[in-house]
Amino acid sequence: MFKFLSKALGVCGYIVQYGCITHCTFEYIGDFVVCVGPSMEPTLTTNNVLITDRITPRLAKLQRGDIIITKSPTNPVQHVCKRIIGMPGDRIMTRASFNLNPLSNTYTIYTAVLPNVGSEVHADEQRPKSKSHQHYEAMVKLREKVDYVSNSVEETERKMPDTANQPQRVAMDSDGRGMEMEMPPEPRTSIVTVPRGHLWIEGDNVQNSSDSRNYGPVPIGLVKSRAVCRLWPLSEFKLFI
């Protein structure tokens, strides 16, 4: 009887020991993640199994383009898999584009990362301008133009008169009869600067993804891990680092 109890306690001790090792490994080093949903298609599809790294987010080594697993800002019990588009300090230009389906009033928001202004570029204006310098000046002018367009669109929206009591615009067909035309609103362009300690994340499937375009920049503290590779299916094994 005593030998049986000693063996049972020994087995329980090994179970607890290996359980603690497994928990610490999955919590602080890395774990396995099963993807569900279409937001990262075609890069990742449903039932893909990823090996993720939990060390990189803790060391603040995340980079633009990394695929990360983070808690959803709108539902803390849910985890989402997205790609980092903007780092802290990046300027993100968002623009709404209406879908081509005439029976649908939905639209898709597209984003672009604008270049940041560096003071070191203007240190020596005596030297001849290189191609990279000329490209930089062109990007600066483009950013100023985008700022102007963004401000103009916002001012237009504020100054737009109330059209509720105005006559409805119609187009005349060949028989002289009126056809109602519903003009969609102008797509809005805006620029968002990613705050310190936040990331701008998006799904690769931009037309079917809920991400920073809907809820804004995400705190880095919500990031759980970074995708290292796709383990399953084996025929589609791929490294993401």
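Above: the structure in question.
Residues numbered from 1 in each chain as written. Predicted model: local features only at pLDDT ≥ 70, side-chain atom pairs only at ≥ 80, totals over all residues. Heavy atoms only, no water.

Visitor: Would you mind going over the nonpolar core in detail, with residue names and values included?
Guide: The biggest cluster of nonpolar side chains holds 10 residues, and these are V33, C35, M40, L44, L50, I67, I69, C81, A227 and F240. Residues within four places of V33 in sequence aside, it is in contact with N48, V49, L50, T52 and I69. Ranked by size, the runner-up nonpolar core spans eight residues in total, among them L62, M87, L199 and I201. (Core = buried A, V, L, I, M, F, W, Y, C linked by side-chain atoms within 4.5 Å. Buried < 20%, exposed > 50% of the residue type's maximum accessible area, 1.4 Å probe, protein only. Contact = heavy atoms within 4.5 Å.)

Visitor: Any details on unusual backbone geometry? Residues and values, ideally.
Guide: Here the residue pair E41 and P42 is connected by a cis peptide bond, since its omega of 5° sits within 30 degrees of zero. A cis geometry characterises the amide bond from W232 onward to P233, with omega recorded as 5°. Relative to the assigned elements, P233 resides in the loop between β12 (223-232) and β13 (238-239). Residues other than glycine seldom take positive phi values, yet N47 does so here, at roughly 75°. In this structure N47 comes out as exposed when scored by relative accessible area, which is 51%. For A60, which is not a glycine, the phi torsion comes out positive at approximately 60°. Of note, A60 is situated in the loop between α2 (55-58) and β3 (67-71). On the basis of relative accessible area, A60 is assigned to the exposed category, the value being 64%. (Helix = DSSP H or I, 4+ residues; strand = E, 2+ residues; numbered from the N terminus.)

Visitor: Before we move on, could you go through the pattern of salt bridges and cite the residues and values that matter?
Guide: Within the structure shown, the criterion is met by five salt bridges. We note a salt bridge from R83 to D204, for which the minimum N-O separation is 2.9 Å. Linking R83 in strand β4 (residues 79-86) with D204 in the loop between β10 (198-202) and α4 (212-215), this pair joins segments that are 121 residues apart in sequence. Judged by relative accessible area, which is 25%, D204 ranks as partly exposed. R213 is paired through a salt bridge with D211; the nearest N and O atoms lie 2.8 Å apart. The class for R213 is buried, based on a relative accessible area of 12%. (Salt bridge = Lys/Arg side-chain N within 4 Å of Asp/Glu carboxyl O.)

Visitor: Account for the layout of surface pockets, naming residues and giving values.
Guide: Taken as a whole, the second largest pocket spans an internal volume of roughly 360 Å³. Lining the second largest pocket are 19 residues, with V36, S39, H79, V80 and C81 sitting closest to its centre. Where the lining of the second largest pocket is concerned, the elements lending two or more residues are β1 (30-34) and β4. Among the elements that take part in the lining of the second largest pocket, β4 stands out by supplying four residues, more than any other. Across the lining of the second largest pocket, the residue classes break down as 10 nonpolar, eight polar and one charged. (1 Å grid on protein atoms, 1.4 Å probe; cavity = no way out; pocket = protein on both sides within 12 Å on 5 of 7 lines; lining within 4 Å. Points joined across faces, edges and corners; volume = space filled by probe spheres on them. Nonpolar A, V, L, I, M, F, W, Y, C, P; charged D, E, K, R; others polar.)

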